[in-house]
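Chain and residue survey
Here is what each chain is made of, one letter per residue.
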There are 2 protein chains.
Amino acid sequence: MNPAEAVNALGALAQGTRLDVFRLLVKAGPGGMAAGKIGESLEVPAATLSFHLKELAQAGLVEARQENRFIYYSADFEHMNQLLAFLTQNCCEGGGSCALPQFQAPSRTRQRAGTKRRGRQT
Amino acid sequence: MNPAEAVNALGALAQGTRLDVFRLLVKAGPGGMAAGKIGESLEVPAATLSFHLKELAQAGLVEARQENRFIYYSADFEHMNQLLAFLTQNCCEGGGSCALPQFQAPSRTRQRAGTKRRGRQT
DNA sequence: TGGATATTTGCAGAACCATGGAAACATGAA
DNA sequence: TTCATGTTTCCATGGTTCTGCAAATATCCA
């Protein structure tokens, strides 16, 4: 993650509708949510939603996958982790007085085995 | 942290100069840095820097304190932590398959070493 | 094929944001 | 008080973003 990427990602999240969308997708988990369902949940017109989903996708925060007639959007957890790591990097010059977590981005999204996934979509 | 606050904070960070300033202050730690020094480090004209510092302060990400003729700016680590917690909240409906850290904002009363703040003055 | 559903693109106006020079303001020293 | 230094406010300019209608595109089913 470099500063320009971080600015893009932060800019993508710095808008009410997009933040709502992203949090909804974070909640939804890896399975994601179809665009129409998102618009329905948040009561956002399709065109407006599409604009925002594009912004989020360009910023690397969400991914789209086509499934039949639906397009499922899901949060890109790994990219988000990288952003969080970037923001807390070098806190207090690495000294012990640090008030932010020395947050490490995992190299891959960590999935735990034996989970009780409830994210399966309609 | 509520969505509107988060949008403000993210918007404040979603700009190159401001992100640079904030990260510089995160690096600098609780002691912070005088405005002039920040401008010097980042080569930003005083008027421009002042504008951005105001934005960051209004978003609750930095705090200012006057010290003689200098104004020291420092990152508000607690507010930043709240933002990070907000962004990772309710990940995957709280299920075990979560790919984001279940990040907890430290409570106001349990400050880590180095931060001896006791409230925000705006 | 035609029709229904799902989503994106084009567009234009309004609103908002970034920049930096000049001037004003605040603080401390002499 | 006067001066020097540090910081902010004012302001004009140019740029970017948000919104949602209408139209276009994509996919599936009969």
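A brief report on the enclosed structure follows. Remember, it's a predicted structure, so these values are computed and weren't measured experimentally. In this convention, every chain numbers its residues from 1, walking through the sequence in written order. All chains are assigned letters beginning at A, and all ligands numbers beginning at 1, according to the order in which they are written. It should be noted that, the model being predicted, local features are given only for residues of pLDDT at least 70 and side-chain atom pairs only at 80 or more, the latter also being counted only at that level, while totals for whole chains, interfaces and linings use all residues. As a convention, hydrogens and water are excluded, and side-chain values are obtained from all of the structure's heavy atoms.

Observations concerning the overall build of chain A
For clarity, the threshold we go by: Strands here mean DSSP runs of E at least two residues long; helices mean DSSP runs of H or I at least four residues long; both are numbered from the N terminus. Whether a residue is buried, partly exposed or exposed follows from its accessible area with a 1.4 Å probe, protein chains only, as a fraction of its type maximum: under 20%, in between, or over 50%, in that order. We get accessible surface area from the Shrake-Rupley algorithm with a probe of 1.4 Å; when it comes to residues, only the shown protein chains can shield them.
Secondary structure summary: chain A contains five helices and three strands in total. Counting helices and strands in the order they occur from the N terminus, chain A gives α-α-β-α-α-β-β-α. Among the 122 residues that make up chain A, the fraction classed as buried is 45%. Here chain A has roughly 6,500 Å² of accessible surface; of this, 45% comes from carbon and sulfur atoms.

Some remarks on the protein's contact with DNA strand D
As a reminder of what qualifies: In this text, near means that some heavy atom of the residue lies within 4 Å of the molecule or strand in question. Identification of polar contacts relies on pairs of N or O atoms within 3.5 Å, with a donor-acceptor requirement for protein atoms, meaning one able to donate a hydrogen and the other able to accept it, and with residues adjacent in sequence counted only if both atoms are side-chain atoms.
Around DNA strand D sit 21 residues, and of these Arg18(A), His52(A), Arg69(A), Gly36(B) and Tyr73(B) come closest. Near the protein, meaning within 4 Å, the atoms of DNA strand D are sugar or phosphate in a fraction of 72%, with bases accounting for the rest. In this structure, a phosphate oxygen belonging to DNA strand D sits 2.6 Å away from a side-chain N or O atom of His52(A). A distance of 2.4 Å separates a phosphate oxygen of DNA strand D from a polar atom in the side chain of Tyr73(B). Mapped onto the surface near DNA strand D, the elements with two or more residues apiece are α4 (46-58) of chain A together with α3 (35-42), α4 (46-58) and β3 (70-75) of chain B.

Quick look at the pairing of strand β2 (residues 62-67) of chain A
Each regular strand carries side chains that alternate between the two faces of the sheet. Residues and elements named next belong to chain A. We count it as follows: When DSSP finds two or more bridges between two strands, those strands count as paired.
The sheet contact formed by β2 and strand β3 (residues 70-75) spans six bridges and is antiparallel. The residue bridging Glu-67 from the neighbouring strand is Phe-70, located in β3. Linking β2 back to β3 in an antiparallel pair, the connection comprises two residues, with Asn-68 at a positive phi of about 55 degrees.

Here's the deal with the sheet that holds strand β1 (residues 33-34) of chain A
Backbone-to-backbone hydrogen bonds pair the strands of a sheet. The strands run either parallel or antiparallel. The strand order β1-β3-β2 (chain A) describes an open sheet built from three strands, whose pairing is antiparallel. The open sheet is flanked by β1 and β2 of chain A, the only strands paired with a single partner.

A short note on the packing of aromatic side chains
The condition that has to hold: Put simply, two rings from Phe, Tyr or Trp (the six-membered ring, in Trp's case) pair if the centres are within 6.5 Å, and we call them stacked under 30 degrees between planes, edge-to-face over 60, tilted for the rest. Only when the NZ of Lys or the CZ of Arg is both within 6 Å of the ring centre and within 35 degrees of the ring normal is a charge said to sit over the ring.
One pass over the structure, following the stated rule, counts one aromatic pair over all chains. With a centroid separation of 6.5 Å and an interplanar angle of 55 degrees, the aromatic rings of Phe70(A) and Tyr72(A) are classed as tilted. Of note, Arg23(A) hangs over the ring of Phe86(B), and the distance from its end group to the ring centre comes to 3.7 Å.

Quick notes on the environment of Val21(A)
Residue and element names in this part refer to chain A. Definition in use: Residue contacts are counted whenever heavy atoms from the two residues lie within 4.5 Å of one another.
Within the fold, Val-21 resides in helix α2 (residues 16-28). Expressed as a C-alpha distance, the spacing of Val-21 and Ser-41, which sit 20 residues apart in the sequence, is 9.3 Å. Setting aside residues up to four positions removed in sequence, Val-21 forms contacts with Ile-38, Leu-42, Leu-49, Leu-53 and Leu-56.

Let's talk about unusual backbone geometry
Phi angles above zero are rare outside glycine, and Glu43(A) is one such case at about 55 degrees. By secondary structure assignment, the location of Glu43(A) is in the loop between α3 (35-42) and α4.

A closer look at the protein's contact with DNA strand C
Counted only if it meets this: Note on residue categories: nonpolar means Ala, Val, Leu, Ile, Met, Phe, Trp, Tyr, Cys or Pro, charged means Asp, Glu, Lys or Arg, and polar means any other residue, Gly included.
Around DNA strand C sit 22 residues in total, of which Gly36(A), Tyr73(A), Arg18(B), His52(B) and Arg69(B) are the nearest. Here, DNA strand C places atoms within 4 Å of the protein, and 71% of those atoms are sugar or phosphate. Here Arg69(A) contributes a side-chain N or O atom positioned 3.4 Å from a sugar or linking oxygen of DNA strand C. Contacts to DNA strand C include Tyr73(A), whose side-chain N or O atom sits 2.4 Å from a phosphate oxygen. Only α3, α4 and β3 of chain A together with α2 (16-28) and α4 of chain B provide two or more residues apiece to the surface near DNA strand C. Classifying every residue of the surface near DNA strand C gives 10 nonpolar, eight polar and four charged.

That's the geometry; what it means functionally is another story.
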